[in-house]
Amino acid sequence: MADTLTVTDNRTGKSYELPIQDGTIKAMDLRQIKTGPDDFGLMTYDPAFMNTANCRSRITYIDGDKGILLYRGYPIEQLAEHSDYLETAYLILYGELPTDGQLQSWRREITLHTMLHENVKKFMDGFQYDAHPMGILLSTVGALSTVNRDAKNIFDKTTRMRQILRLIAKVPSIAAYAYRHSIGRPYNNPDNDLSFTGNFLNMLFKMTELKYKPHPVLERALDVLFILHADHEQNCSTTTMRTIGSSQADPYSAFAGAAAALYGPLHGGANEAVLRMLTEIGSLNHVPDFIAKVKSGEAGSRLMGFGHRVYKSYDPRAKQIKKIADMVFEVTGKNPLLDIALELERIALQDDYFVKRKLYPNVDFYSGLIYQAMGFPTEMFPVLFAIPRTVGWMAQWEEMLLDPDQKIARPRQIYLGSEARDYVARDQRK
Ligand code: CMC
């Protein structure tokens, strides 16, 4: 059996044999299909990249029909059970689980980079007291490119790795400062005796005590949530990271763009939108009306936290998150909105509208309930998505830079506007 595709152009009667590799044909192989020498050649039309692979990647694998998610081949369920965020971050970045020695030096290196330059605090001070923390995070990380001028040296391995370490380490510090800024409290310095997540909780919540002690269950729960959010192959924000990176911009600027893409309610902003939706529904007896509103498509309303471009079954991250919810609520008490979420899920999973469209809970459906129970304000939720996703963006960015197949991202268009015409003087326009 030949690994080729034979295409017959019925406009000309000509046939072409196109190679198939890894289940794909190259879009550029279509360009030879022309009706004549002046014809530009055939292109594909694929808004939103519904069926276009943009890269070859070795980082994350998803089987959307079976609900499988692997980082570098390791199932997400096993990592959630046995690993921690920093170890998983190492795995995502380097491709293998670290040895003891590698893990120790990796933790030490990340810890060394958690401090922020005093200037960074000053420009964070300039934000309005009620600025959205995600806006603060993405602008501040973008501004780090002005502080770390060496970051432009993207093809130097050592410099590149320094920026990656800085970003993984400093994003939680910036996120915590954004939160402290919004509540008008002084910034807490990092405490490098604590774990990655323990320290983050310390920077957020430490008050007058000399030493902050994170609750071990909440610290572990947040760490597992970070594992579950660490990468998710070619989603909207990762594609943005790769696209900006393809112009050879520095990683801070590309991160700012990726975080902006994550901010939207259809992507990482969905966890915030879910909480607002549950609060608006307010009580169990309003659930049927809300479901009816979603089904009628009224004012574009959607069941936030449901549906996914790739998963056409239960999102494996959502399954893990439901387990974490039980663990957290034992400590914090149950989030009163949980019953509304469970009822929405129960109805949706048996309703024809959702079943036919294969709409299941995604990663954002239950995570907000946990974050809220842990004391995070709703506006911090997308920030809590961005912190662990940093490593995914970095790994994907580096893979793109080192991939000889990649060039500056530059899609084509189908032009449907006016043909060339002469300028019309202002007094002669109709
Ligand atoms: N509620 C109601 N209907 C929906 C929903 C939803 N959440 N999601 C999709 N649909 C319907 C949609 O109206 C369409 O129906 P029809 O065929 O009659 O026009 C059909 O399902 C297919 O939807 P689509 O918009 O073509 O699917 P997509 O792959 O372009 O969108 C999505 C994927 C995630 C943007 C979408 O499911 C959605 O808006 N979900 C709510 C927002 C959300 O939870 N986002 C987080 C995604 S997971 C975390 C992440 O990656 O950031």
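Residues numbered from 1 in each chain as written. Predicted model: local features only at pLDDT ≥ 70, side-chain atom pairs only at ≥ 80, totals over all residues. Heavy atoms only, no water.

Enquirer: Which parts of the structure should I look at to understand the nonpolar core?
Expert: One recurring pattern in soluble globular proteins is that nonpolar side chains are buried together. Core analysis: the biggest nonpolar cluster contains 115 residues, and W106, F200, M277, L278, L303, L344 and F376 have the highest contact counts within it. Lining this core are residues from two domains, each supplying at least three of them: domain 1 (72-264 + 378-400) and domain 2 (270-314 + 321-373). If near-sequence neighbours (up to four positions away) are discounted, L344 is found in contact with M277, L278, I281, V287, F290, I291, L303 and F365. (Core = buried A, V, L, I, M, F, W, Y, C linked by side-chain atoms within 4.5 Å. Buried < 20%, exposed > 50% of the residue type's maximum accessible area, 1.4 Å probe, protein only. Domains from an automatic or database assignment. Contact = heavy atoms within 4.5 Å.)

Enquirer: Help me understand the pattern of salt bridges in this model?
Expert: Between side chains of opposite charge, a pair can form when the charged atoms approach closely. Under the criterion given, the structure shown has 20 salt bridges. Residue D223 is joined to R220 by a salt bridge in which the shortest nitrogen-to-oxygen separation is 3.8 Å. With D223 and R220 both in helix α8 (residues 216-228) and three residues apart, the pair spans about one turn of that helix. For R220, a relative accessible area of 28% translates into the label partly exposed. Residues joined by salt bridges that share partners form a network here, namely D22, R56 and D405. (Salt bridge = Lys/Arg side-chain N within 4 Å of Asp/Glu carboxyl O. Helix = DSSP H or I, 4+ residues; strand = E, 2+ residues; numbered from the N terminus.)

Enquirer: Would you explain the site of the ligand in this entry?
Expert: The ligand sits among 21 residues. The nearest are H267, R302, L303, G305 and R309. Between the ligand and the protein, one listed contact pairs a nitrogen atom with a side-chain N or O atom of Y353 at 3.0 Å. Between the ligand and R357 there is a distance of 2.9 Å, counted from an oxygen atom to a side-chain nitrogen or oxygen. Isolated, the ligand exposes 940 Å² of accessible area, and the fraction of that covered by the protein chains is 74%. Taken together, the residues of the shell around the ligand sort by class into eleven nonpolar, six polar and four charged. (Near = heavy atom within 4 Å. Polar contact = N/O pair within 3.5 Å; in protein donor to acceptor, adjacent residues only side chain to side chain. Areas by Shrake-Rupley, 256 points an atom, 1.4 Å probe, with all protein chains shown as cover. Nonpolar A, V, L, I, M, F, W, Y, C, P; charged D, E, K, R; others polar.)

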